[in-house]
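# Descriptive structure summary
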Amino acid sequence: MNENLPWRPERDRPLMLAPMQGLTNRALRGLFGEWVRPDVMFTEFIRVRPGSRQAISRADRLEAAGSGDIPLVVQLIGRDTAALVAAAEAARQSGAVHLNLNLGCPFGRMSNGSAGGALLKNPVDLDRRLTLLRQCAPGSLSVKVRSGYDDPEQIFSLLAIFEGAGVDFIVLHPRTVVQKYNGAADHDLTARVAAATVLPVIANGDVTTAGAGQRVLAETGAAGLMIGRGAIRDPLLFERLRGRAAAQPARAERSAELQYYIAELTARYRLIFQGDAQILNKLKTVLNMLAADPVFARPIRKMLRAKSLAELTALAGKLADYQ
Ligand SMILES: Cc1cc2nc3c(=O)[nH]c(=O)nc-3n(C[C@H](O)[C@H](O)[C@H](O)COP(=O)(O)O)c2cc1C
């Protein structure tokens, strides 16, 4: 049994909160950790650039430090091996235990066109990079990977590299990098990957209901599940998957969930962001993910147009009255 893993494989198939840039900061993670208790949470990606004066910024150190009792995985995105190793070392000194390398981000804008998913375009040096990172992680080293750069079968040629470099687990989002978010996550591929490697595979992609999550777990043989957009839209999805909250919430339950979510985020954002304008912005980043809510889309879109935090808060207070 692998003692490095951030979960107890003999006990559970973990439900993980995905890393999401702009969303899964320590305030949001703190709320999720106390409220719906994902088994493992990830930081937003920490950008690693060669030649920076500091390996990682002060803000990133705070994010990497973690708090609470839920295992935190610190994700790095970058291309330069020496800079990645320095960043991993700095993260470790800040308290990081589990490290993850992003091999999936499809947006050049965020990753300088050569990191994240772009690393799959030319994965020659990947084994050395991962071997060195492995030595920096006191706990697990994992990768979060798409199925390939433009070929969904590429993943099968990467498994031996991951295994050989001592990677502890793989998070698979079964779309290609060039596919971005088009089409559907192909969890038949997840099942084939899980069968083809000795490493635990965590399935990620398009899980937005308890039923969908349970199906992916049952049909893929994945070691666990990672949820991104679905969890931001519906934090109680973790509890729905465990059968501890209604699989399909009634309207009143959903409005109570949203009111609590918005009130708690507002209070927690106040502790880490500066001023009402920034808090308003951050809340809108979350609400944007909910703009197509099947029941509350209209009041949520109204909140997205709010000019002030006070206006948004007042609108959130009236969610239960919305017919
Ligand atoms: C706004 C946004 C930000 C994201 N940021 C990250 C990130 O920092 N690191 C990462 O590995 N993936 C990131 N992702 C991808 C998610 O972690 C996840 O793999 C993807 O959304 C598919 O899972 P889902 O269908 O459950 O959302 C991001 C996705 C979105 C929509």
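Structure report, in brief. (Residues numbered from 1 in each chain as written. Predicted model: local features only at pLDDT ≥ 70, side-chain atom pairs only at ≥ 80, totals over all residues.)

Spanning 13 residues, helix H3 (residues 81–93) covers 18 Å between terminal C-alpha atoms, matching the ideal 18 Å at 1.5 Å per step. Among the residues of H3, Leu-84, Ala-87, Ala-88, Ala-90 and Ala-91 are the ones counted as buried. Projection of H3 onto a plane perpendicular to its axis shows the buried side chains occupying an angular sector of 165 degrees, all on one side. Of the surrounding secondary structure, the elements contacted by the buried residues of H3 are strand S3 (46–47), helix H2 (58–65), strand S4 (72–77), strand S5 (98–103) and helix H5 (126–136). Immediately beyond the C-terminal end of H3, within one or two residues, lies Gly-95, with a positive phi of roughly 120 degrees. (Helix = DSSP H or I, 4+ residues; strand = E, 2+ residues; numbered from the N terminus. Expected span 1.5 Å × (residues − 1). Buried ≥ 20, exposed ≤ 12 C-beta atoms within 10 Å, placed from the backbone. Arc of directions from axis to C-beta. Contact = placed C-beta atoms within 7 Å.)

The next point concerns unusual backbone geometry. Positioned with a positive phi, Lys-180 is a non-glycine residue whose angle comes to about 50 degrees. Positive phi values are uncommon outside glycine, yet Asp-206 reaches one of about 65 degrees. Tracing the backbone shows Asp-206 in the loop between strand S8 (201–204) and helix H8 (210–220). With 22 C-beta atoms counted inside 10 Å, the residue Asp-206 sits in the buried group.

In the vicinity of the ligand lie 22 residues, with Ala-18, Pro-19, Phe-45, Gly-228 and Arg-229 positioned nearest. Its residues assigned to classes, the shell around the ligand shows eight nonpolar, 10 polar and four charged. (Near = placed C-beta within 6 Å. Nonpolar A, V, L, I, M, F, W, Y, C, P; charged D, E, K, R; others polar.)

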